[in-house]
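Notes for the structure review
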Amino acid sequence: MGTPHVDVAIRGARIYDGSGGEGRVGDVAVAGDRIAAVSLGSDDEGSRAWRAGREIDARGLALAPGFIDVHSHDDLAVLLYPEMRFKVMQGVTTDVVGNCGFGVAPAGPASAVFRAFHPAHQLGGWDGYRGYMEVVEREPPSVNVAVLAGHGTLRLGAMAQPRGQPSAGELMQMQAWLEAALEAGALGFSTGLIYDPGRAARAEEIVALAHVAAAAGGLYATHMRNEASGLLDSIRETLLVGEATGVAVQVSHHKAAGRENWGRVRDSLRLLEAARAGGLDATADQYPYTSASTVLAAIVENDALNPRGNAGGLGRVDGTNVSLASAPRHPKYEGKTLADVAAVRGISAEAAAQWLVDSEGLAVTAIIEVMDEHDVRTVLAHPTTMVGSDGIPTLDGKPHPRLYGTFARVLGYYVREAGVLSLAEAVHRMTALPAAKFRLRDRGAVHTGAFADLVLFDPATIRDTATYADPHHHPLGIAHVFVNGVQVVRDGVHTGARPGRVLRRAG
Ligand SMILES: [Zn+2]
């Protein structure tokens, strides 16, 4: 039966419902914040009877659930840039913040961490994760926001000496804060085990926190200790946390870093498969590029530029492989390699990196050529892989183009041009798969009763346009985006609407 009065009728799109099944032409009705009806096939009496406030002729377009960016660092960006153009314009309707151990509470240490990404902004305060969620709800962005608690930030807040080991009392404080975050609706927690101070944590500490997450039905997402020569040991450590506690695990930005480690993703995928066969909920996410991006301080701390060092979690890099994304006090070096900076200053690349970190601290971010294109495809083709941009929202510099291009790049380059996976499968990995894993109820699907988070795009033309040299460009081919039934992109233009909500973990 049709629903006669609806707000919006979208007609004639090829509907990819998120399940991974092939697209089918049909009509979708939106009423309020939900999908009121879905009508498949061309001669359905029901959908013809719809009387809609607005009609969208979507013939030739694909209609999918809005994309879920499972790996973002937009915790403060959603407050500073609430229209979230760099995400909305690529079809993202839900942004999962709090990755890599960087979280928003306690507010004091959090503001020190996020000052790195937003050096020009004064950051507000809030009372724990619950307080942060309330602030976002008061000034909602254009996208939905779902939150992970960040282990590194908990550590900074709880420990007198965050680079050491926690006392029993300090560990209990971290557990209590995590429990409060989960009660407020956080999806789980994240670690960043190459970053200070998360890198000091031993597996037992993570297990102690994972018990808290598991008890609440939350998940554990990790930027692992080592994505280079120690990739497989790091995967094992991650799976051990899952197996010891029953927590669902998510390997963040799955990759093998460093030429000498290329190809190891085949083995890391096998370890994930084996753990899944044993009953563990183990999955991963990925951004579709061969270069990584992080704070330059992490490259220095991990001794990655030292040709005689033992290459930490980032693997070994050299000055020609590292370019500066953002250096607010030295903008003339943005886009330049460390080798360029070193040549100008007449010092080594290692010394140039140290000099930049000494003068600007965490505000300097870098792009590092570390991955093999073949590995990127191997990981993307695997059914355990979701899509997460890992975008660093430093809008003043030259951020890694993944901030703007990730979802369109998967659909345009890897689906249409390279044929690495089908369109239906790619949509599944961007929608229903993460919605189930991250426990986002009634999201990530096109069916009656689901929230009307929707994206309409042209599968024949969608493509990313952001490049390393010139990253601030939105993708082409995305026509319309709806968040909670409200249109945020119309004919490729942001409407200014901000209907986003905080999404709390479903019980
Ligand atoms: Zn990370």
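Residues numbered from 1 in each chain as written. Predicted model: local features only at pLDDT ≥ 70, side-chain atom pairs only at ≥ 80, totals over all residues. Heavy atoms only, no water.

What follows concerns the overall build of the protein. Secondary structure summary: the protein contains 17 helices and 20 strands in total. Taken over C-alpha atoms, the radius of gyration comes to 22 Å for the protein, in line with the 23 Å a tight globule of 507 residues would show. For the C-alpha atoms alone, the extent of the protein along its principal axes is close to 70 × 50 × 45 Å. As displayed, the protein offers around 17,900 Å² of accessible surface, 50% of which is attributable to carbon and sulfur atoms. Positive and negative side-chain charges in the protein, numbering 47 and 56 respectively, have mean positions lying 1 Å apart. (Helix = DSSP H or I, 4+ residues; strand = E, 2+ residues; numbered from the N terminus. Rg over C-alpha atoms; globule rule 2.2 N^0.38 Å. Areas by Shrake-Rupley, 256 points an atom, 1.4 Å probe, with all protein chains shown as cover. Lys, Arg positive; Asp, Glu negative; His and termini not counted. Charge placed at Lys NZ, Arg CZ, Asp CG, Glu CD.)

Looking at the zinc ion, one finds its protein donor set to be Cys100 (SG), His223 (ND1) and His253 (NE2), positioned 2.1 to 2.3 Å from the metal centre. Site description for the zinc ion: donor spacing in sequence, C-x122-H-x29-H. Of this pair, Cys100 sits in the loop between strand S7 (92–97) and helix H4 (107–114) while His223 sits in strand S10 (residues 219–223); the two residues are 123 residues apart in sequence, bridging distant segments of the chain. Across the pair, exposure class does not vary: Cys100 and His223 are buried alike. (Donors = N, O, S within 2.8 Å, 3.2 Å for Na, K, Ca; no water. Buried < 20%, exposed > 50% of the residue type's maximum accessible area, 1.4 Å probe, protein only.)

All right, on to the nonpolar core then. Tyr132, Leu296, Ile299 and Phe457 are the most contacted members of the largest nonpolar core, which totals 134 residues. The greatest single-element share of this core, amounting to eight residues, is contributed by helix H15 (residues 402–417). Sequence-distant contacts of Ile299, defined by excluding residues within four places in its chain, comprise Thr294, Ala304, Leu305, Leu314, Val317, Val322, Ala366 and Ile368. The next biggest cluster of nonpolar side chains, apart from the first, holds 18 residues, and it includes Ile10, Ile15, Leu63 and Ala452. (Core = buried A, V, L, I, M, F, W, Y, C linked by side-chain atoms within 4.5 Å. Contact = heavy atoms within 4.5 Å.)

Mean pLDDT over the protein works out to 95, with 98% of the residues at or above the 70 mark. Least confident of the elements in the protein is helix H1 (residues 45–48), whose mean pLDDT is 80; most confident is strand S6 (residues 67–69), at 99. (pLDDT = per-residue confidence, 0-100.)

Regular strands show a simple pattern: their side chains alternate between the two faces of the sheet. Sheet topology note: the strand S1 (residues 5–15)/strand S2 (residues 24–31) ladder contains seven bridges and is antiparallel. Across the sheet, the residue bridging to Ala9 is Ala29, located in S2. Here S2 runs beside strand S3 (residues 34–40); their pairing, made up of six bridges, is antiparallel. Bridge pairing in S3 links Gly26 to Leu40. (Pairing = 2+ DSSP bridges.)

Here Asp453 is to be found in the loop between helix H17 (432–437) and strand S17 (454–457). With relative accessibility at 4%, the residue Asp453 sits in the buried group. Look past the residues within four positions of Asp453 in its chain and what remains in contact with it is Ala64, Pro65, Gly66, Thr93, Thr94, Asn144, Arg443, Phe482, Val483 and Asn484.

The contact between helix H5 (residues 128–138) and helix H7 (residues 168–184) brings their axes to 7 Å, and the two run at 35°. Between H5 and H7, the contacting residues are Tyr129, Arg130 and Met133 on the first element and Ala181, Glu183 and Ala184 on the second. Tallied by class, the residues present in the contact of H5 with H7 amount to four nonpolar, no polar and two charged. (Axes fitted to C-alpha atoms, helices over the stretch in contact; angles between N-to-C directions. Nonpolar A, V, L, I, M, F, W, Y, C, P; charged D, E, K, R; others polar.)

An order of S13-S15-S14 is seen for the three strands of this open sheet, with the pairing classed as antiparallel. The strands lining the two open edges of the sheet, one partner per strand, are strand S13 (291–295) and strand S14 (322–326). In this sheet, neighbouring strand axes are inclined to one another by 30° on average, regardless of whether the strands run parallel or antiparallel. Both S14 and strand S15 (residues 365–369) contribute to a ladder of four bridges, which runs antiparallel. From the neighbouring strand, Val322 faces S15, where its bridge partner is Ile368.

Here the structure, examined in full by the defined rule, presents 25 salt bridges. In this structure, a network of salt bridges that share partners links the residues Asp33, Arg34, Asp442 and Arg501. (Salt bridge = Lys/Arg side-chain N within 4 Å of Asp/Glu carboxyl O.)

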